[in-house]
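# Summary of structural features
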Amino acid sequence: MSDLQIGLIVLGVLLILLVLGFNWWQDRRVRRRMQEHFPASEQDPLLGSAEPLRAAAPAAEPARQRREPGIGLGVPAEPAAGGEMPAEGPLVAESDDGEEPDPAVEVVIEIHFAEPARGADLLPYMQSLRQVGKKQLRVFASTDRGRHRSRIAAEESYSTLQLAVLLANRSGPLTAIEWSQAWARAQDLADRFEGSIEGPDQQAVLEQAARLDDVCAALDTQVGLTLMLGAAQPAAEVLAVARGLGFAPDGARLAWLNDAGAVRFTLARGDGAAFDAGMGGIERLYLLLDVPCSPADPHAFGRMVEVGRDLAGRLRAELVDDQGRVLADGADAVIDERLRVLFEQLEQAGLPAGSERAQRVFA
C-alpha cells in the first residue's frame, strides 16, 4: 500500500470523526435550548394525560377574583412562597383609556420617541400643551406596553404622544399661526426626547378647519331674556333668591341643570361680575340659552321663560326679550318650534346639542 493510499485513508477517517463530532455538538446545543424553554418536570408534557389539568382548573378558578378594567387597576401580584403577598408597589393600568382624539373636530400631530420616555420627565411640559392661540390642545399617548392613555402618568413610560388640535370654535377656524405654534411645540418636545413628528399638511388642515367653521357658524344660536330689577338690589339677596329657586353655581354665573346635571341655561349679572363679587347692587340679570351647548329639549325656551317669570316675580322685576320688549303670549311656543328644527340640524351635522363635541367647538 503506497503512502498516498495510507494518507487518503487517514484523511477519510479524520473527516468522518469531524462530522460525528459536529453532529454531537449540534445535538447538545439543541437540547440545551429546548431545556431553557421547557423546564424539566416529573411528567413528560407530551405523553402525560390532559385530564388532571382540566380537573384542577375549576378548583383554581375561585382564587382569581374578577377585576374590572380601569385607570389605576393593575394586574394583582402573585402570592410569594408561603402564601404571603409581596409588598405593594404602584399599580399600572392594563386597560386602554376610553377618551380618544375626535377626528371630526380635531387634527393630530404625532410624536414618536426613539426610546420610551418616562411620564415623570414628560409631565413638566404638559402645561404648555393645553392651548395654542385660542384653540384647545389635548394630549394622548401610547405606553411602551401598547396601552392608550388620555393623560400622562408619572409611573408609566410612553412610546408616542398625540397632540389633538381643535379645528374651530367660536373664535373662528384654526389659523396658520395657531397650527404653526402647535407644530413648533411638538417639534420642541421631540427634540428634547430624541423623537420625530408627523402630521397632516398645513393647507389640508386649514381647509378642514374652514369647512367646520362654516358649519358651526350656520348652526350657532343663543337666545336670551333680561330681568329688569328697577332699583338696585343687594347681590347677596339676589343670589339667595336664585339659589332658592334652584340655580346652581357655575363659575361667575348660575346654571339651571337638568336631571343629569347638564346645563340647560344660565343666569348672569348685567355687569358681568360674579354674584359674590363685592357689595354692589344688581339692576339687571341675563338669562341665556346656549342652544348648541344645551341638551336637546322640545321645550327648551319655554322652560327658561317659565323659570324667568318665577324669578321675576320673586325679585319684583320685569322680564323682557333681547330687544327690551315684554314677552308676548305664545312667543315661547313659536321659538321652541324653531329650536326643535335647529336641534335636528345639529344632530344631522354630527354636533348633537349638549354633547362633548358640540361644547368643544361652540366654546
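Here, the structure is the one placed above.
Here goes a summary of the coordinates provided. (Residues numbered from 1 in each chain as written. Predicted model: local features only at pLDDT ≥ 70, side-chain atom pairs only at ≥ 80, totals over all residues. Heavy atoms only, no water.)

Our focus in this paragraph is the overall build of the protein chain. When helices and strands are counted, the protein chain shows nine helices and 14 strands. Expressed as a percentage of the 363 residues in the protein chain, the buried residues total 33%. Only carbon and sulfur atoms are counted for the fraction: they give 54% of the accessible area of the protein chain, which is about 22,200 Å². (Helix = DSSP H or I, 4+ residues; strand = E, 2+ residues; numbered from the N terminus. Buried < 20%, exposed > 50% of the residue type's maximum accessible area, 1.4 Å probe, protein only. Areas by Shrake-Rupley, 256 points an atom, 1.4 Å probe, with all protein chains shown as cover.)

Further remarks concern the packing of aromatic side chains. The full count for this structure, using the stated rule, is six aromatic pairs. Taking the centre distance of 5.2 Å and the plane angle of 70° together, the rings of Phe-247 and Trp-256 count as edge-to-face. Taken together, the ring pairs in this structure connect Phe-113, Tyr-125 and Phe-193 into an aromatic cluster. (Phe/Tyr/Trp six-rings, centres within 6.5 Å; stacked < 30°, edge-to-face > 60°.)

In this section: the nonpolar core. Of all hydrophobic cores here, the largest spans 74 residues; its most connected members are Leu-122, Leu-161, Phe-247 and Leu-285. Examining the composition of this core, we find that eight residues originate from one element, helix α7 (residues 300-315), more than from any other. Two domains each donate at least three residues to this core, and these are domain 1 (106-216) and domain 2 (220-362). The residues contacting Leu-161, other than those within four sequence positions of it, are Ile-109, Glu-110, Ile-111, Phe-113, Leu-122, Met-126, Val-139, Phe-140, Ala-141, Ile-152 and Leu-189. (Core = buried A, V, L, I, M, F, W, Y, C linked by side-chain atoms within 4.5 Å. Domains from an automatic or database assignment. Contact = heavy atoms within 4.5 Å.)

Quick look at the sheet that holds strand β9 (residues 222-234) now. Read from one edge to the other, the open sheet built from six strands follows the order β10-β11-β12-β13-β9-β14, with strand pairing classed as antiparallel. Bordering the open sheet on either side are β10 (248-250) and β14 (318-321), each of which pairs with just one other strand. Shown here is a sheet whose adjacent strand axes are inclined to one another by a mean of 30°, direction ignored. As paired elements, strand β11 (residues 253-257) and strand β12 (residues 263-269) share four bridges and run antiparallel to each other. Bridged to Leu-254 within β12 is Leu-267. Its contacts with the sheet put helix α6 (residues 235-245) on β9, β10, β11, β12 and β13 (281-290), and the angle it makes with β9 is roughly 135°. (Pairing = 2+ DSSP bridges. Axes fitted to C-alpha atoms, helices over the stretch in contact; angles between N-to-C directions.)

So, on to helix α8 (residues 331-348). Its 18 residues give α8 an end-to-end C-alpha distance of 26 Å, which sits within 8% of 26 Å, the value for a rise of 1.5 Å per residue. Those residues of α8 that fall on the buried side of the exposure criterion are Asp-336, Leu-339, Leu-342, Phe-343 and Leu-346. Seen along its axis, α8 keeps its buried residues to an arc of 120°; they face one direction. The exposed set on the far side of α8, more than 90 degrees from its buried face, consists of Arg-338, Glu-344 and Gln-348. Its buried side turned inward, α8 meets α5 (202-219), β9, β13 and α7. (Expected span 1.5 Å × (residues − 1). Arc of directions from axis to C-beta.)

Turning next to the side chain of Asp-297. As for its placement among the helices and strands, Asp-297 is situated in the loop between β13 and α7. Every residue in contact with Asp-297, bar those within four places of it in the chain, is listed here: Arg-264, Arg-303 and Phe-343.

For Trp-179, the location among the structural elements is in helix α4 (residues 176-192). In this structure Trp-179 comes out as buried when scored by relative accessible area, which is 3%. Residues Trp-179 and Leu-166, spaced 13 residues apart in sequence, show a C-alpha to C-alpha distance of 9.7 Å.

Even without a glycine there, the phi angle at Glu-194 is positive, about 50°. Phi angles above zero are rare outside glycine, and Arg-316 is one such case at about 55°. Here Arg-316 shows up in the loop between α7 and β14.

Okay, the packing of α6 against α7 next. Contact geometry of α6 with α7 gives a least axis separation of 10 Å together with a crossing angle of 140°. In terms of orientation, α6 and α7 fall into the oblique class. In this structure, α6 meets α7 at a crossing whose hand is right-handed. Counted together, Val-238, Val-241, Ala-242, Gly-244 and Leu-245 of α6 and Val-307, Asp-310, Leu-311, Arg-314 and Leu-315 of α7 form the full contact between these two elements. (Parallel < 35°, antiparallel > 145°, perpendicular 65-115°, else oblique. Left-handed = near helix turned anticlockwise from the far one by under 90°.)

Packing of α7 against α8 brings their axes to within 7 Å, and their N-to-C directions diverge by 140°. For the element pair α7 / α8, the angle class is oblique. Along its contact with α7, which presents Ala-300, Phe-301, Gly-302 and Val-305, the element α8 presents Asp-332, Ile-335, Asp-336, Leu-339 and Phe-343. Of the residues assigned to the contact of α7 with α8, the class counts are six nonpolar, one polar and two charged. (Nonpolar A, V, L, I, M, F, W, Y, C, P; charged D, E, K, R; others polar.)

What follows concerns the environment of Ala-268. By the secondary structure assignment, Ala-268 is in strand β12. Judged by relative accessible area, Ala-268 falls into the partly exposed class, the value being 21%. Spatially, the C-alpha atoms of Ala-268 and Leu-288 are 8.2 Å apart, while their sequence positions differ by 20 residues.

Summed over all chains, the structure comprises 18 salt bridges. In this structure, Asp-297 and Arg-303 form a salt bridge, with 2.8 Å as the shortest nitrogen-oxygen distance. Its relative accessible area of 6% is what places Asp-297 among the buried residues. Overall, the relative accessible area of 30% leaves Arg-303 in the partly exposed class. The residue Asp-321 makes a salt bridge to Arg-325 at a minimum N-O spacing of 3.5 Å. Among the charged side chains, a network of salt bridges with common partners joins Asp-97, Arg-149 and Glu-156. (Salt bridge = Lys/Arg side-chain N within 4 Å of Asp/Glu carboxyl O.)

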